[in-house]
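Observations on the model geometry
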Amino acid sequence: MKAANLGVLFAIELIALGAVGAYGFTRDVPTALSLLLGFTGLAVMIAAWALLGSPKARYKASGAARVVFEVLWFGAGAVALALMGAYVWAAAFAALCVVSKGLAAAWDQ
């Protein structure tokens, strides 16, 4: 069960990245601007994860700061899905994040 949750944790990280990128890339704006929005969103998410969220992060967030970081980081994915009109997917993603992160906290993952 714990190993499966690690897989789910990795999957929700990728889903959050994909949702933020997709939101930027699919805006109804000129192509150059949509590319800029998509790549900038991805760059911000990747940089934030590398600096604060990953197990090997330079400034690894812990305690309450970690909770705030993860709510904002995974919340960005859920909000991006909702802004694209995928409300059911956004709610399902948010629920999956809450359950998986709750299990991870309970299991010290």
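Refer to the structure presented above.
Presented here is an overview of the structure given in this document. No experiment lies behind these values; they were computed from the predicted model shown.

This part covers the packing of helix α1 (residues 2–25) against helix α3 (residues 64–83). When two helices pack together, their arrangement is given by the angle between the helix axes and the distance between those axes. Contact geometry of α1 with α3 gives a least axis separation of 8 Å together with a crossing angle of 45°. Judged by the inter-axis angle, α1 sits oblique to α3. When the axes of α1 and α3 are compared, the crossing they make is left-handed. In this structure, α1 contributes Ile12, Glu13, Ala16, Leu17, Ala19, Val20 and Tyr23 to the contact, and α3 contributes Trp73, Phe74, Ala76, Gly77, Ala80, Leu81 and Leu83.

Its 20 residues give α3 an end-to-end C-alpha distance of 27 Å, which sits within 8% of 28 Å, the value for a rise of 1.5 Å per residue. In the structure, α3 departs most strongly from a straight axis at glycine 75, where the bend amounts to approximately 25°. Residues of α3 that are buried: Arg66, Phe69, Glu70, Trp73, Phe74, Gly77, Ala78, Ala80 and Leu81. Trailing α3 by a residue or two, glycine 85 shows a phi angle of about 90°, which is positive.

Time to look at the packing of aromatic side chains. Tallied over the entire structure, the rule returns five aromatic pairs. Plain terms: the ring middles of tryptophan 49 and tryptophan 73 are 4.8 Å apart, the flat faces sit at 45° to each other, and that makes the pair tilted. Taken together, the residues span a long stretch of sequence, with tryptophan 49 in helix α2 (residues 31–53) and tryptophan 73 in helix α3 at a distance of 24 residues. Judged by its relative accessible area of 13%, tryptophan 49 falls in the buried class. A ring pair is formed by tryptophan 49 and phenylalanine 74, whose centres lie 6.1 Å apart and whose planes are at 75°; its orientation type is edge-to-face. Pair noted here: tryptophan 49 is in helix α2 and phenylalanine 74 is in helix α3, with a separation of 25 residues, a long-range link. Overall, the relative accessible area of 5% leaves phenylalanine 74 in the buried class. Ring-pair connections join several aromatic residues into one group, and the members of that group are Trp49, Phe69, Trp73 and Phe74.

Thresholds applied
Residues numbered from 1 in each chain as written. Predicted model: local features only at pLDDT ≥ 70, side-chain atom pairs only at ≥ 80, totals over all residues. Heavy atoms only, no water. Axes fitted to C-alpha atoms, helices over the stretch in contact; angles between N-to-C directions. Helix = DSSP H or I, 4+ residues; strand = E, 2+ residues; numbered from the N terminus. Parallel < 35°, antiparallel > 145°, perpendicular 65-115°, else oblique. Left-handed = near helix turned anticlockwise from the far one by under 90°. Contact = heavy atoms within 4.5 Å. Expected span 1.5 Å × (residues − 1). Bend = angle between axes of the 7 residues up to and from the residue. Buried < 20%, exposed > 50% of the residue type's maximum accessible area, 1.4 Å probe, protein only. Phe/Tyr/Trp six-rings, centres within 6.5 Å; stacked < 30°, edge-to-face > 60°.

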